[in-house]
Amino acid sequence: MNKKGFIFLVSSVFIVAVLLLVFLSFDEYSYSDSTIADQRRLVFANDFVKAFNQDLERAIRIASFRSLIALEEHVSLTGRFLNSTEESFVEVVYNGTINGVPVNIMTNSSIVECLSRVNVIGNRYGLSVDVDVLDILLSQSDPWFVDVVVVANVSIIDNAGLVSWSFIDDYHSEVPIINLRDPLYSVFTDNRFFNTIRPAP
């Protein structure tokens, strides 16, 4: 075999091996970078879902408390009790209206407005948030608290198609009624005297 041919062959094999090694290591690094980015995206999306659940419960508590104040003010102004407390409560806590009329105290506090803000924030981070409120339940298991349960169908989808969540959940809130005005006094005294609800010995 020719000495020059042998050196050429060895050099060619060496160059091809180096190029192959560089190419494969580049693929490995780029795959590793994309895996790290995907992991970070998953962690962020998961944190968003956790924060969403906590914030929605807090928003429901605030909306419910303001709704009770709004309903009491409505009774005081009209001098009449509500036809259906639960229906009126659902309307005001969800839409921020009583009989279709917006209530000032509910500005930026209704469930609809809260969900709209969540959707805007989610879109900023590449997440589509769709929440369908299935039911709003009002009850009282304690004399000094009103229990509010919002049943919602939640769908959160990563716009990159990496991950999605879809679930139905109950969001519970206990809303204190201590220091709210008693509507009985508003109606039966023609709005002349007020009395707040508070525990007595």
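Rules of the game
- Residues numbered from 1 in each chain as written.
- Predicted model: local features only at pLDDT ≥ 70, side-chain atom pairs only at ≥ 80, totals over all residues.
- Heavy atoms only, no water.
- Patch = residues over 30% accessible without salt bridge, like charges linked within 9 Å, V, L, I, M, F, W, Y side chains within 5 Å.
- Areas by Shrake-Rupley, 256 points an atom, 1.4 Å probe, with all protein chains shown as cover.
- Salt bridge = Lys/Arg side-chain N within 4 Å of Asp/Glu carboxyl O.
- Helix = DSSP H or I, 4+ residues; strand = E, 2+ residues; numbered from the N terminus.
- Core = buried A, V, L, I, M, F, W, Y, C linked by side-chain atoms within 4.5 Å.
- Buried < 20%, exposed > 50% of the residue type's maximum accessible area, 1.4 Å probe, protein only.
- Contact = heavy atoms within 4.5 Å.
- Expected span 1.5 Å × (residues − 1).
- Arc of directions from axis to C-beta.
- Pairing = 2+ DSSP bridges.
- Axes fitted to C-alpha atoms, helices over the stretch in contact; angles between N-to-C directions.

1. Here's the deal with a nonpolar patch on the surface
Point 1. On the surface, a cluster of nonpolar side chains totalling about 560 Å² of accessible area is made up of Phe 81, Leu 184, Tyr 185, Phe 188 and Phe 193.
Point 2. Along the chain, the position of Tyr 185 falls in helix H4 (residues 183–188).

2. Comments concerning the nonpolar core
Point 1. Phe 52, Ile 111, Ile 136, Val 148, Val 154, Ile 156 and Tyr 171 are the most contacted members of the largest nonpolar core, which has 39 residues in total.
Point 2. Contributions of two or more residues to this core are made by helix H1 (3–78), helix H2 (85–95), helix H3 (111–124), strand S3 (127–142), strand S4 (145–158) and strand S5 (164–176).
Point 3. For this core, the element with the highest residue contribution is H1, accounting for eleven residues.
Point 4. Every residue in contact with Ile 156, bar those within four places of it in the chain, is listed here: Phe 48, Val 49, Phe 52, Leu 127, Ser 128, Val 129, Ser 164 and Trp 165.

3. Details of H3
Point 1. Counted at 1.5 Å a residue, the expected span for H3 with its 14 residues is 20 Å, and the 20 Å between its end C-alpha atoms agrees.
Point 2. Among the residues of H3, Ile 111, Cys 114, Leu 115, Val 118 and Gly 122 are the ones counted as buried. For H3, the angular spread of the buried residues around the axis is 95 degrees, confining them to a single face.

4. Quick notes on unusual backbone geometry
Point 1. Positive phi, close to 55 degrees, is recorded for Asn 99, a residue that is not glycine.
Point 2. By secondary structure assignment, the location of Asn 99 is in the loop between strand S1 (97–98) and strand S2 (101–102).
Point 3. Non-glycine residue Asn 179 carries a positive phi angle of around 75 degrees.
Point 4. Positionally, Asn 179 belongs in the loop between S5 and H4.

5. A look at the sheet that holds S4
Point 1. One open sheet holds the three strands; their spatial order is S3-S4-S5, and the pairing between them is antiparallel. Edge positions in the sheet fall to S3 and S5, since each has one partner strand and no second. The sheet shows a mean angle of 15 degrees between the axes of neighbouring strands, taken without regard to direction.
Point 2. Pairing geometry for S4 and S5, over 13 bridges, is antiparallel. Within the sheet, the bridge partner assigned to Ile 157 lies in S5 and is Ser 164.
Point 3. Across the sheet, H2 lies against S3 and S4, angled at about 145 degrees from S3, the strand it touches most.
Point 4. Along the sheet, H3 makes contact with S3 and S4, crossing S3 at roughly 150 degrees.

6. Thoughts on the environment of Leu 162
Point 1. Tracing the chain through its elements places Leu 162 in the loop between S4 and S5.
Point 2. Owing to a relative accessible area of 33%, Leu 162 belongs among the partly exposed residues under this scheme.
Point 3. Separated by 121 residues in sequence, Leu 162 and Arg 41 place their C-alpha atoms 8.3 Å apart.

These values are about where atoms sit, not about what they do.
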